[in-house]
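Listed below, chain by chain, are the residues.
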Amino acid sequence: MALMVDLPGMLAQRRPRIVVLGDVMVDGWTTGRCDRLCREAPAPVVDVTADSTAPGGAGNTAANLAALGAETVMVSALGDDQTGQALLESLRDAGVHTDHVLPVVGRVTTTKRRIIASDQVMLRLDEGDRSPLPPDMDERLATELRRALHGCDAVLVGDYGTGVIGPAVKQVLRQARREIPLLAVDAHDLEAWRELRPSVVTPNAAEATALLGHKPDSFESYGEQLRSKTGAAAVVVTLDREGTVLLAPGVPPHRTSADPAPDNHATGAGDTFVAALTMAAACDVPLTTAVSLAQAAADVVVHRPGTSVCGQAELVERLGRHESPSAHEALARIVAEHRTAGRRIVFTNGCFDVLHRGHVSYLEQAKRLGDILIVAINDDASVRRLKGPERPVNTAADRAAVLAGLSCVDYVTQFADDTPAALIRLLRPDVYAKGGDYSENMLPETPIVQAYGGEVRILDYIADHSTSAVIDRIRSA
């Protein structure tokens, strides 16, 4: 979806308060060199050079939400041990509110420690309790959840099966469900959450396959079945290197493309994805745009070793928020990544002042010419120069937001000149597409595209569907 999302502006208007409920754990990373086997057994010897820990599981989700600018409230239980105390401090340092996190006497905090040598995971050591909380602690956590829910914009559940979410906690969610504007669930067993009718769930490919009872060639045809199984209004299946697919009623299946990284760098990327998705949806961003924003956030962290978070500044840089040469250069880098992955780039441009059927039809045609569709819109000043002082009717930010809601559009950007010639020279799209009210000879961009070996395509024209005609009808009415 749209690349250009004004994230700081969005958060300045509404900083969402998001409650994260679920299993908090510690992700540990012990790295070193390995160049020999030990004498006692045919086992590798790792000479340790570094040791680090970070909040994992729902803790990593909460840390990502805080880094993205959300007011983040953690509701969980962990061991009353040194590991648990260190984890609490890490969450506080990340900007997460931890007043509703309960220490449980005698419980061992869950830890997942990876041993890495030469960028290769050699071994993972897991420890910690996975038994359900005692009934009295379940009731206490339910009380904390009830307090935390007051005034929240969203609840994000991270249920990884360590026993934190018990019957009393779920009962509070049932009772409060109508007052929860957005409920996102990331759980290994999504059917267990069906009765709460989540707003959105995020199964991975294996979890979605288990829900269907068979491995499909693709998930695009199974949206209704997956929504029925999970009770969710929308399902986003995460596909690792292949990106994600959004399955929601009323819109075609929407795919995002991932920026692949080594598998050992993928830890926590799913937490980042669901955090960014929930934050954007809580700010009333269209779900297709929210999924693409979440994919961009996951792409940021997946190229880092260990468990990491995507901060607001990093996501803004990835999204290319400011319409400036530096933002266009950032977009060019992303286009280059898509091209390296073998994807065909389609580019089109226009004012798109009042979006109508003709626009939608030709954008859908344009997307079918390749894999990635970039839409460049004239900024407000250039629209006035081209269309007159009474235009645009809608600002550039509003026009971009509407285009962002179309599932066929992957990226939206602005340009200040009367033509996108400079942007085309920079991006060098494989296909330059325009609506059928033009011809190749009419387009000053045609020789530019043909000079580097690109293709110019003129698409179908729908008569009597123009922005001026729409505006005239509105005014006459």
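Keep in mind that what you see is a predicted model, and the values were worked out from it rather than measured.

**A short note on the overall build of the protein chain**
And step 1. What the protein chain contains, in helices and strands, is 17 helices and 18 strands.
And step 2. A burial count over the protein chain gives 56% of its 477 residues as buried.
And step 3. Considering only intrachain contacts with a sequence separation of at least 6, the fraction spanning at least 24 residues in the protein chain is 70%.

**Here we look at the sheet that holds strand β18 (residues 455–458)**
And step 1. One open sheet accounts for five strands, arranged β16-β15-β14-β17-β18; its pairing is parallel. A strand with exactly one partner marks an edge of an open sheet, and here the two such strands are β16 (411–415) and β18. For this sheet, the mean inter-axis angle between neighbouring strands, taken without regard to orientation, is 25 degrees.
And step 2. Examined bridge by bridge, strand β14 (residues 345–350) and strand β17 (residues 431–434) share two bridges and lie parallel to one another. Residue pairing in the sheet places V346 in a bridge with V431 of β17.
And step 3. Together, β15 (372–378) and β16 form the strand contacts of helix α14 (residues 396–404), whose direction differs from that of β15 by roughly 160 degrees.

**Description of helix α3 (residues 82–93)**
And step 1. Taking 1.5 Å of rise per residue, the 12 residues of α3 would be expected to cover 16 Å, and the 16 Å separating its terminal C-alpha atoms lies within 8% of that figure.
And step 2. Contacts made by the buried residues of α3 are with β2 (24–37), β3 (44–57), α2 (58–68), β4 (71–79) and β5 (97–104).

**Concerning the sheet that holds strand β7 (residues 120–127)**
And step 1. With respect to topology, four strands assemble into an open sheet ordered β3-β2-β6-β7, the strand pairing being mixed. Of all the strands in the sheet, the pair left with one neighbour each is β3 and β7. Along the sheet, successive strands turn relative to each other by an average axial angle of 20 degrees, direction set aside.
And step 2. Across the face of the sheet, α3 comes into contact with β2, β3 and β6 (111–117) while running at roughly 105 degrees to β2.

**Observations concerning the packing of aromatic side chains**
And step 1. In the structure shown here, the tally under the stated rule is two aromatic pairs.
And step 2. Between F347 and Y432, the ring centres sit 6.0 Å apart and the planes meet at 40 degrees, which makes this aromatic pair tilted. With F347 in strand β14 and Y432 in strand β17, the pair connects residues that are 85 residues apart, well separated along the chain.
And step 3. Judged by its relative accessible area of 0%, F347 is buried.
And step 4. Ring centres 6.3 Å apart and planes at 20 degrees place the aromatic pair F352 and Y362 in the stacked group. Residue F352 is found in the loop between β14 and α12 (357–367), and its partner Y362 is found in helix α12; the two are separated by 10 residues along the sequence.
And step 5. Under the relative-accessibility criterion, Y362 is labelled buried at 8%.
And step 6. We note R114 situated over the ring of W29; from NZ or CZ to the ring centre the distance is 4.8 Å.
And step 7. Here the guanidinium or amino end of K170 rests over the ring plane of W193, the centre of that ring lying 4.3 Å away.

**Points about the side chain of Q365**
And step 1. As for its placement among the helices and strands, Q365 is situated in helix α12.
And step 2. Residue Q365 is classed as buried on the basis of its relative accessible area, which comes to 13%.
And step 3. For Q365, the residues in contact, after removing those within four places along its chain, are L459 and D460.

Procedures and definitions
- Residue positions are given per chain, counted from 1 along the sequence in the order it is written.
- Owing to the predicted nature of the model, reporting of local features is limited to residues with pLDDT of at least 70; listing and counting of side-chain atom pairs is limited to 80 or more, with chain, interface and lining totals taken over all residues.
- The basis for every side-chain value is the complete set of heavy atoms in the structure, and neither hydrogens nor water enter the calculation.
- Going along the chain from the N terminus, every DSSP run of H or I of four or more residues is numbered as a helix, and every run of E of two or more is numbered as a strand.
- Exposed residues in this analysis have more than 50% of their type's maximum accessible area, buried residues have under 20%, and partly exposed residues fall in between, with area computed by a 1.4 Å probe over protein chains only.
- Contacts are assigned to residue pairs that have any heavy atoms within 4.5 Å of one another.
- We call two strands paired when DSSP finds no fewer than two bridges between them.
- Axis lines are fitted to C-alpha atoms, over the contacting stretch for helices. Their N-to-C directions set the angle, which ranges from 0 to 180 degrees.
- In a helix, the anticipated span is given by 1.5 Å times the number of residues less one.
- Paired rings are identified among Phe, Tyr and Trp, the last through its six-membered ring, by centres lying within 6.5 Å, and are further divided according to the angle between planes into stacked (under 30 degrees), edge-to-face (over 60) and tilted (the rest).
- Either the NZ atom of lysine or the CZ atom of arginine qualifies as a charge over a ring when it sits within 6 Å of the ring centre and within 35 degrees of the ring normal.

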